[in-house]
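Structural characterization, general
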Amino acid sequence: MCGIVGYVGNKNATDILIEGLEKLEYRGYDSAGVAVLKEKNIELRKYKGRLSVLKENLQKDKIEGNLGIGHTRWATHGEPSDINSHPHMNSGSAIAVVHNGIIENYLTLREELINKGYEFLSETDTEVIPHLIDYYYTGDIVETVKIVVSKLEGSYALGIIDKNNPDTIIAVRKDSPLIIGIGEGENFIASDIPAILKYTRKVYILEDGEIAVITRNNIDIMKTDGTRVKKGIYDVNWNLEAAEKGGYDHFMLKEIYEQPKAIKDTISPRYKDGSINIGEFDLSKEYIDSVNKIYIVACGTAYHAGLLGKMFIEKYAKIPVVVDVASEFRYGSPFIDENTLMIVVSQSGETADTLAALRLAKERGAKVMAVTNVVGSSISRESDYVFYTWAGPEIAVASTKAYTTQLVSLALIGIDMALKKGTIEETEAHKILEEIRKLPSQVELVLKNVEDIKDIASHVYKSKDVFFIGRGIDYYVSMEGSLKLKEVSYTHSEAMAAGELKHGTLALIDEGIPVIALATQDKLFDKMISNIKEVKSRGAYVIAIAKENNEKIEKTVDKVIYISEAIDELTAVISVVPLQLLAYYVALNRGCDIDKPKNLAKSVTVE
Ligand code: M6R
């Protein structure tokens, strides 16, 4: 949530900040602003609305300067407005701050500052920071920032400039991501790599409790106690094009079409001589044998992937698995000890609730394995084992290729565990592996079938409510299909376990209501047909997703999308793709802002 960027060098800072913010807009997009040092003063421009509003205003009213910070906001404290937008400044306009995160004790700090005579302009938590810097200012901005961060509770990535130190940006983080781009005669800060990739591929990843003092020719990193930190440089090995639309109208569509490659890239490095070789880590047989339960914890789409992970691990590795949404997990009474393995699933690797669950598990002695897409993310750095989904950058707020790569990752992890535990025959494991390797081409086939899906979307987009039903794995995929539709097309939708319909929800089925019925599970097919008949006989317009050898379904439904023959456990990777496309085309028909749905942000770094 929120993107921050900073530049110091000899180019026009405003242009570079805007370019960077364009790449970070996925993190928040309800307002944007910049603060640039012009001659000896900090010039501030900030507006409610998309980045384009800021851009237009800056075109009319250019700020020339070589150092500055910028921000794109997802509101938490205070509605989106010009005043609540970042950067925030102290009353004397000497200090400007951009912030990603939440200052949890801001009300107390605000009251203390008001009692000392400080005046607040905004309703934000962030505004306490420039006033605190002003209050504690020692003449040394780095020492002052150290004092100030010791007063802050909550999460923050901060970019700070001070007109009395006109060549310096201060960056500091706790629980919100921040990287430093290393240039030649110029340096950058940003919430995420795409913001600086045009200028450099060399970055430092700032850790919690570290402060960086950045000038155009130097980067000093230290801990808040003053100890110097020597960091390794992370070389980014992907191109800016990977984070561009590449001819597609939206990132979401591009990312849906990238799935065959993303799945292949995730599987290939783990497949060696007909067998699994996880590569990054080796879970020993002894360790796997000692694990008596697994928690899979995640949010949103990643949680839906976790449900499939449970199915794989329980079926093949015979270890009990509990799957929970991260925002609930900590508030229950989870049984965690040193024989527990927690698997956290997170595209961004920065989701605050997931990170908090990970930390709780570690505190209680469990080992944590991350399935994540972002190298160097907080979750990847704090986990004991990391399994990367090599999906490439996912920019659209709606997660698509991250989900399918999470599914194949969890399948590989489950089979690896089962082989080590000896709960699966090698021949069966090989058979499943061969099936996994077919998935990229099977997904490709669905993508070729897009005209049918566009046609269905042109009918569905008029509906106020849409239901998704399925049994077993199909139910989990229904949940994901329903989330996708809600998220990008603002259509009310529910996913139901098909057998549960008659326990209440069937009352909502009326003439013409679209019901998307997933019927890909061989062993549940006949039962699914009965459930489809239940909705059909109440007037529903039924669109089925079925395997290609099950044409008899055509007699019971209005439309069918066929997917390739695949083993039941793996159908999710294929059957979700028509649902992603359906959500996309319904949203397109409804004129929605597909890549940046209202009220949402890509990386949810607040709890
Ligand atoms: O980065 P994460 O995978 O941890 O994000 C979790 C959810 O916020 C995310 O999957 C969200 O539900 C997506 N916008 C759904 O498309």
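Below is a short write-up of the structure. (Residues numbered from 1 in each chain as written. Predicted model: local features only at pLDDT ≥ 70, side-chain atom pairs only at ≥ 80, totals over all residues. Heavy atoms only, no water.)

Here we look at the packing of helix α13 (residues 401-421) against helix α14 (residues 426-448)
The condition is simple: All axes here are fitted lines through C-alpha atoms, helices being fitted over the stretch that makes contact, and every angle between N-to-C directions spans 0 to 180 degrees. Runs of H or I in DSSP of at least four residues are treated as helices and runs of E of at least two as strands, each being numbered from the N terminus. For classification purposes, angles smaller than 35 degrees are called roughly parallel, those larger than 145 roughly antiparallel, those between 65 and 115 roughly perpendicular, and all remaining angles oblique. It only takes one pair of heavy atoms within 4.5 Å for two residues to be counted as in contact.
Taken N-terminus to C-terminus, the directions of α13 and α14 make an angle of 170°; their axes are 11 Å apart at the nearest point. With respect to α14, the element α13 is oriented roughly antiparallel. Of α14, the residues touching α13 (which contributes V408, A411, L412, I415 and L419) are E426, A429, I432, L433, I436 and L439.

Quick notes on the environment of L407
Following the sequence through the fold, L407 ends up in helix α13. Linking L407 and I574, residues 167 residues apart in sequence, is a C-alpha distance of 11 Å. In contact with L407, not counting residues within four places along its chain, are A305, L308, A572 and V573.

Brief notes about helix α17 (residues 525-536)
What counts, and what does not: One fewer than the residue count of a helix, multiplied by 1.5 Å, yields its expected span. Throughout this description, buried means an accessible area under 20% of the type-specific maximum (1.4 Å probe, protein chains only), exposed means over 50%, and partly exposed covers the range between.
The terminal C-alpha atoms of α17 lie 16 Å apart, and with 12 residues this matches the ideal 16 Å at 1.5 Å per residue to within 8%. The complete set of buried residues in α17 reads F525, M528, I529, N531, I532, E534 and V535. Residues of α17 that are buried sit in contact with β22 (465-470), β24 (514-519) and β25 (541-547).

As for empty space enclosed by the protein
How we decide: Both site types are read off a 1 Å grid over the protein atoms alone. A 1.4 Å probe that fits but cannot get out defines a cavity, while an open set with protein on both sides within 12 Å along at least five of seven lines defines a pocket; lining residues have an atom within 4 Å of a point. Grid points are joined across faces, edges and corners, and a volume is the space filled by probe spheres set on the points.
Counting across every chain of the model gives 4 cavities of 30 Å³ or more. Every residue lining the largest cavity is counted, 14 residues in all, and those nearest its centre are C2, W74, T76, H86 and G101.

A word on the packing of aromatic side chains
Two numbers describe a pair of aromatic rings. These are the distance of the centres and the angle of the planes. Keep this limit in mind: The criterion for an aromatic pair is that two Phe, Tyr or Trp rings (for Trp, the six-membered ring) have centres within 6.5 Å, with stacked assigned to planes under 30 degrees apart, edge-to-face to planes over 60 apart and tilted to the rest. Geometrically, a lysine NZ or arginine CZ counts as sitting over a ring once it is within 6 Å of the ring centre and also within 35 degrees of the ring normal.
Applying the stated criterion across every chain, the model contains 11 aromatic pairs. Relative to Y199, the ring of F188 has its centre 5.5 Å away and its plane inclined at 25°; by these criteria the two rings are stacked. Placement of F188 in strand β10 (residues 187-190) and of Y199 in the loop between β10 and β11 (202-205) is noted, with a sequence separation of 11 residues between them. An aromatic cluster is present here, built from Y7, F188 and Y199 joined pairwise through their rings. The cationic tip of R270 hangs over the ring face of F387; the distance from NZ or CZ to the ring centre is 3.8 Å. The ring of Y271 has R437 lying over it, and the distance from NZ or CZ to the ring centre is 3.8 Å.

Keep in mind these values describe shape, not function.
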